[in-house]
Structure formats: C-alpha cells, structure tokens
Amino acid sequence: MKKKLNINYLDIIATGNLLVAWQEFIVDKTKKKDVIEFSLSLADNILQLNSELANDAYRHGPYQDFYISDPKLRHIHKASVRDRLAHHAIYRQLYPFFDRIFIAHSYSCRLDKGTHRAIMAFNKMMGRVSHNHTKTCWILQCDIRKFFDNINHQILSEILREYIADEKILSLLNNIISSYESAPGRGLPLGNLTSQLLVNIYMNSFDQYVKHQVKAKYYIRYADDFVFLSADRDELLGILAKIDRFLNDKLKLQIHPRKIYLKTIEREVDFLGWVNFSEHKVLRTKTKRRMMTKIKNSPKPASLASYLGMLKHGDASNLKRELVNNYWINFPEQ
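By convention here, each chain's residues receive numbers from 1 onward along its written sequence. Restriction of local features to residues with pLDDT of at least 70 applies here, the model being predicted, together with a cutoff of 80 or more for giving and counting side-chain atom pairs; totals for whole chains, interfaces and linings are based on all residues. Each side-chain value is derived from all of the structure's non-hydrogen atoms; neither hydrogens nor water enter the calculation.

With an unreviewed UniProt entry as reference, the chain is termed Reverse transcriptase domain-containing protein, source organism Candidatus Falkowbacteria bacterium CG1_02_41_21.

In structure tokens:
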C-alpha cells in the first residue's frame, strides 16, 4: 500500500504558507515589472488568492509564451504572478513528501541532487561494473520523445490519486494540469514550478518499475534522460524491450528512436553535458561554447563560481584557465 500525503488543503492555502511562498518566489525577480505590480498591493492580492482558493473560486489563468535557446530552442509558457505564487504554495507543501518516495538515483529538480551528483553517481557505477576499468562496461542510454508535451493528464491524475486522499488538493492540481495542453489531454508547460514536481511524480512510476520489477541494479535518471549500466550487453537489450513496453502501455510515452545508444564505456558516452570515457571526461563542446558566451555577455562573480564548481568534476584545467581569462577580460570596470 502506498504512503499517503499527510497534509490537507488548508495547509496549502493558508495565508502564512502563501506569504512564505511569496518570499521564495521573488528571489531574483524583484526587478520584474509584473512582480513589482503584484507587490504594490501584496496584502490584498494574497488575501484575494486565499479567498478564491478557500471558496473553490480559483481558476488558473492563461500563459504568456516565448522561446529560449538553452542551447536548443525551447517553447516556454509563463503563468501570471498570481498563478506562479499558487504554484510555489503547492510545491513547498507537496515536495517534501514526494521527495521521500523518489528513488535515490533520480536527480532532476531535487534538493541535493542535480547534474553534478548524477555524473558522480554515473562514474561510481561505471567503476563498479567495469571493476575499476579492468572489464567491459556496457551503457544503454535513452531519452523520451517530446517529454513534457506527452505527459498524459488522465494518467497523471490517477497517479496523484494513489498518494493524495484530499479531494480539494486533487481538484487544485487538476485545475493547474488542465490549464495547459500541447494536444487534447496531454502536456505540461515548461516554466511552471509545479511541472518539475509533476513530471518527477509521473516518472516515479517508471523508476519504481525499473528498480523493483526489472531489478536493474545500475540505473540513473535525469528528467527524460536515463542510463543503464551492465557488464552484459544482452541484459541491456532485454531491459530496453521491457522499458519500451512499460512506457508505451502505462505512461503513453515513447523512447526517442534516434536517441537510443548502446555502447561500451571505451567509446565516448555523452551524458548531461559531459563526454565520458573510461578513465576521464571532458565538457561537451556545445556546453563549453554556451558557458563561454554567458561569461562573456554577463561576467558575474556568482556565474564564474558556479562554472568553476561544475568544471572541477571533470578534466578541465585548461578550460578553467580560459574561463577565468574570459571573465576578467569582460568584467566591467568599477
């Protein structure tokens, strides 16, 4: 029997929770025009949102859409400040519960996880499977076709019901889920904080199947990008057939047919921005170019520190020097 969420609807809509959610939401956004406008009548706006939520009058509004290159073109849908505040209020109450039920090797959009830890785990698994690079280690790498656009609303709602007994919480979540469609009954918007949590809840069904039914020992997932490691190539082929069937039948998702890779670690494995080899890894060329462009256009100390922190996880001594040089060349004079 699955664990049940131990909070109720009033915990989410409480003015105290909305106020804390506001403080979390405005980090790095205090100069945004829509945030400034909302904050001019902050108390009234929060009380109105609380009243709408309490009286079942809240309806999620429309989105503003735009494109960003990160590095590939992404279609972002941005909700109003009011709706994004509601997202934060929901997220901060639901995330701690769901984070505890996720598997250890799910790394996307979770505290104390992220790409660096995923890559560290990948390297540890690679060392174990290869017996410290003395035996062959096979890697199966896949990702999902149009991941966010193909999240099935009905299936997501059914998964949520397995964990949440409070009908008002379910209704609120369905209100947000149904506020966006890439096709009838499908899709979650890139840009919503709730989308990050909801896709992890959706894919947790897959993670649990992989660990408890397929019994894959060496498996890592970051959003829709996942890898399996094994000393046995045929084992990975068998896993591929099983997970393909599960994703199609249970979650209505498809593995991207042109992004299935089965290779040994002696060949390069491009995973989460790093090109991994048996005994070293280097930063992906596209990632390097994007990093250099950002440090040139916006040479901020925090950005430099973040990039240097990322580079310490690979073989990048020359790249570190190049990055620091570009930072000081483009740093604005005081």
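Back to the text.
A. Quick peek at the overall build of the chain. Going along the chain from the N terminus, every DSSP run of H or I of four or more residues is numbered as a helix, and every run of E of two or more is numbered as a strand. When you go through the chain residue by residue, the secondary structure sums to 13 helices and nine strands. A 1.4 Å probe rolled over the protein chains alone gives each residue an accessible area, and that area as a share of the maximum for its type sets the label: buried under 20%, exposed over 50%, partly exposed in between. Here the chain holds 334 residues, and the buried ones make up 46% of them. Intrachain contacts of the chain at a sequence separation of at least 6 include 69% that bridge at least 24 residues. With residues, only the protein chains shown are counted as cover, and all accessible areas are computed by Shrake-Rupley using a 1.4 Å probe. Carbon and sulfur atoms make up 50% of the accessible area of the chain, which amounts to about 17,700 Å² in all. For this analysis, residues touch if any pair of their heavy atoms sits within 4.5 Å.

B. Expanded view of the environment of Arg258. Residue placement: Arg258 occurs in the loop between helix H10 (233-250) and strand E6 (261-264). When its relative accessible area of 64% is taken as the criterion, Arg258 is described as exposed. For the pair Arg258 and Arg145, spaced 113 residues apart in the sequence, the C-alpha separation amounts to 9.5 Å.

C. The pattern of salt bridges, seen in detail. Here, a salt bridge means any side-chain nitrogen of Lys or Arg that lies within 4 Å of a carboxyl oxygen of Asp or Glu. Taken as a whole and assessed by the stated rule, the structure comprises eight salt bridges. Two residues, Lys78 and Asp34, come together in a salt bridge whose shortest N-O distance is 3.5 Å. Taken as a pair, Lys78 in strand E2 (residues 73-78) and Asp34 in helix H3 (residues 33-40) lie far apart in primary sequence, 44 residues in all. Taking the relative accessible area as the measure of exposure, Lys78 reaches 26% and is therefore partly exposed. Its relative accessible area of 25% is what places Asp34 among the partly exposed residues. For the salt bridge of Asp99 with Arg110, the shortest nitrogen-to-oxygen distance reads 2.7 Å. Note that Asp99 is positioned in helix H5 (residues 81-101) and Arg110 in the loop between H5 and helix H6 (114-129), a separation of eleven residues in sequence. One salt-bridge network, in which partners are shared between bridges, spans Asp34, Lys78 and Arg84.

D. Examining the sheet that holds strand E5 (residues 225-230) more closely. The four strands are arranged E4-E5-E3-E6 in an open sheet whose pairing can be described as antiparallel. Looking along the sheet, the strands with just one partner apiece sit at the ends: strand E4 (219-222) and E6. On average, each strand axis in the sheet is tilted by 15° relative to the strand beside it, whichever way the strands run. Two strands form a pair only when DSSP identifies at least two bridges running between them. In this sheet, E5 lies alongside strand E3 (residues 138-143) in antiparallel orientation, the contact comprising six bridges. Of the residues in E5, the one forming a bridge with Ile139 is Leu229. In this analysis an axis means a line fitted to C-alpha atoms, helices contributing only their contacting stretch, and an angle means the value between N-to-C directions, from 0 to 180 degrees. Sheet contacts for helix H9 (residues 193-214): E4 and E5; angle to E4, the most-contacted strand, approximately 170°. On the sheet, H10 packs against E3, E5 and E6 and is oriented at approximately 150° with respect to E5.

E. Layout of the environment of Leu251. Structurally, Leu251 is set in the loop between H10 and E6. Owing to a relative accessible area of 2%, Leu251 belongs among the buried residues under this scheme. In the structure, Leu251 is positioned 96 residues away from Ile155 in sequence and 6.9 Å away in space, judged by C-alpha atoms. Excluding its chain neighbours within four sequence positions, the residues that come into contact with Leu251 are Asn152, Ile155, Ile159, Tyr202, Met203, Ser205, Phe206 and Phe246.

F. The arrangement of a positive patch on the surface in detail. Excluding any residue in a salt bridge, patches collect residues exceeding 30% relative accessible area, merging like charges within 9 Å and nonpolar Val, Leu, Ile, Met, Phe, Trp and Tyr side chains within 5 Å. Residues scored as positive are Lys and Arg, those scored as negative are Asp and Glu, and His as well as the terminal groups of each chain are ignored. To locate a charge, take NZ of a lysine, CZ of an arginine, CG of an aspartate or CD of a glutamate. Taken together, the side chains of Lys72, Arg145, Lys146, Arg258 and Lys259 present a region of like positive charge at the surface. Tracing the sequence through the fold places Arg145 in the loop between E3 and helix H7 (153-163). Look at Arg145 and you get partly exposed, because its relative accessible area is 31%.

G. Spatial organisation of the packing of H7 against helix H8 (residues 167-177). The N-to-C vectors of H7 and H8 enclose an angle of 155°; their axes lie 11 Å apart at closest approach. Here H7 lies roughly antiparallel to H8, going by the angle between them. As H7 packs across H8, the resulting crossing turns out to be right-handed. Contacts from His153, Leu156, Ser157, Leu160 and Arg161 of H7 reach H8 at Glu167, Leu170, Leu173, Asn174 and Ile177. Should an angle lie under 35 degrees it is considered roughly parallel, over 145 roughly antiparallel, and from 65 to 115 roughly perpendicular; all remaining angles are considered oblique. Left-handed describes a crossing whose near helix is turned anticlockwise from the far helix by less than a right angle; the clockwise case is right-handed.

H. Highlighting the nonpolar core. The definition of a nonpolar core used throughout is a set of buried Ala, Val, Leu, Ile, Met, Phe, Trp, Tyr and Cys residues joined through side-chain atoms within 4.5 Å. Counting 72 residues, the largest nonpolar core has Leu94, Phe98, Leu160, Ile164, Phe206, Phe228 and Leu251 as its most contacted members. Shared between two domains, this core takes at least three residues from each, and those domains are domain 1 (1-101) and domain 2 (105-151 + 188-269). Each domain's extent is set by a domain assignment, obtained either automatically or from a database.

I. The arrangement of helix H2 (residues 15-25) in detail. Asn17, Leu18, Ala21, Trp22 and Phe25 are the residues of H2 that are buried. Across the axial projection of H2, the buried residues extend over an arc of 140°, all falling on one side. Looking at the buried positions of H2, the neighbouring elements they touch are helix H1 (9-13), H3, helix H4 (42-54) and H5. The arc refers to the directions leading from the helix axis to the C-beta atoms.

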